[in-house]
Amino acid sequence: MITINPFSELSEFIPSIAMQAFVVAMIILVVAGTVVDMIHKKNVKYFFENAKKAKKQATRTVSTGNKVSIVIKTVASDVLTTSELAGKRRIAHLLGMYGTIIFWVTSSIMIFCYSTTKSVTPPIFPLLWHLGAIMTCLGGYWFWFFLRVDVAAEGNPWYRVIKADLFVLSLVVTTTFGLVWSYLQAASISGWDTLLLVLFILSNLVLFGGVYWSKFAHMFYKPGAAIQKHLAEADGSNENLPEPSDKPKQFGPGIKREAPRHY
Ligand code: HEM
């Protein structure tokens, strides 16, 4: 199963052009959802106005070379290794983030280059596609069942679903349906494989069509916010913020009675 390109098998029933059109439609949904989100929440407008205001409070001048180096360091650390998060959260996020990227990139390669009945797909692509899906499921379900703040720190049950869960849930459900569909297709369990294909398509529509309502766009906003934060640290414009509290030090070992799980 893991070396079979499921889209090439699918091309017996669905023309390759239809699959390609579906991918393009999903990209359009992401762009449209993000733009409408930016217009509605005015978050990007606020972000730039705030950055302009902060600049006036700068106490140092940062050279262009220095700025470029800050941007490169931020991409290498905050973005590529999600250094904002620590411990299990970071590992779960890295699994989910890289799993998803691998899954999306290999889906596009297989759909655009190897989705006809005559295509011979290099086995590395379906292999990576399945690996990406498994990584996304591991990171996503780990986050969903154990690490979510409202479960890990606020004591809510894992099955409590709110609107904020739309992104993580639609992401893991999509990759789960993708994996099960590929298995049923490889095992030639007809009927059920069609059902799973329909569920895979529907969950993709929810994931990419739900950008406006979900946390999907954080993958675009977070890198921008991290760059702005490090630039503000460098030019001193963040220095009117209060210093981190050192009060816990005054309260002795009692502070160790409870693990720091309040966010
Ligand atoms: C393909 C790219 C990415 C995927 C698939 C992804 C996936 C996720 C998921 C599923 C969540 C949990 C959402 C929830 O609270 O329900 C999450 C949270 C988060 N993501 Fe990402 N993400 C991506 C890119 C990024 C990038 C580039 C950054 C930072 C530069 C980032 C930083 C974060 C942070 C700080 C959280 C909050 C984590 C927590 O509450 O434990 N993500 N991401």
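See above for the structure.
Everything in this summary refers to the structure shown in the same document. (Residues numbered from 1 in each chain as written. Predicted model: local features only at pLDDT ≥ 70, side-chain atom pairs only at ≥ 80, totals over all residues.)

**What to know about helix α5 (residues 87–113)**
Put simply, the test is: Runs of H or I in DSSP of at least four residues are treated as helices and runs of E of at least two as strands, each being numbered from the N terminus. One less than the residue count of a helix, multiplied by 1.5 Å, gives the span that helix is expected to have. Three exposure classes are used, all based on how many other C-beta atoms lie within 10 Å of a residue's own C-beta (placed from the backbone): buried at 20 or more, exposed at 12 or fewer, and partly exposed between those limits. Whether two residues are in contact is decided by their C-beta atoms, placed from the backbone, lying within 7 Å.
For α5, which comprises 27 residues, the first-to-last C-alpha distance of 39 Å matches the rise-based estimate of 39 Å (1.5 Å per residue) to within 8%. The complete set of buried residues in α5 reads Ala92, Gly96, Gly99, Thr100, Phe103, Thr106, Ser107 and Met110. Those residues of α5 that are buried are in contact with α1 (6–10), α6 (124–147) and α8 (166–186).

**Thoughts on the environment of aspartate 78**
As for its placement among the helices and strands, aspartate 78 is situated in helix α4 (residues 64–79). The spatial distance from the C-alpha of aspartate 78 to the C-alpha of serine 214 is 22 Å, given a sequence separation of 136 residues. The contact partners of aspartate 78, leaving out residues within four places of it in the chain, are Ser83, Glu84 and Ala226.

**Quick word on the site of the ligand**
Threshold: Placing a C-beta atom from the backbone of each residue, we mark the residue near a molecule or strand if the atom is within 6 Å of it. Side-chain classes are defined by residue name, with Ala, Val, Leu, Ile, Met, Phe, Trp, Tyr, Cys and Pro counting as nonpolar, Asp, Glu, Lys and Arg as charged, and the others, Gly among them, as polar.
Taken together, 25 residues are adjacent to the ligand, and Met97, Thr100, Val168, Met219 and Lys222 come closest. Residue contributions to the shell around the ligand peak at 6 residues, all from α5. Grouping the constituent residues of the shell around the ligand by class yields 13 nonpolar, 6 polar and 6 charged.

**Quick word on the nonpolar core**
The criterion, for reference: By convention in this section, buried Ala, Val, Leu, Ile, Met, Phe, Trp, Tyr and Cys residues joined through C-beta atoms within 7 Å make up a nonpolar core.
Of all hydrophobic cores here, the largest spans 15 residues; its most connected members are Trp129, Ala133 and Leu171. Residue assignment for this core shows that the elements contributing at least two residues are α1, α5, α6, α8 and α9 (192–209). It is α8 that provides the largest number of residues to this core, a total of 4 residues. Ignoring any residue separated from it by four or fewer positions in sequence, one finds alanine 133 in contact with Gly99, Phe103, Thr175, Gly178 and Leu179. If you look at the next biggest cluster of nonpolar residues, it comprises 6 residues, including Phe177, Leu196, Leu197 and Phe200.

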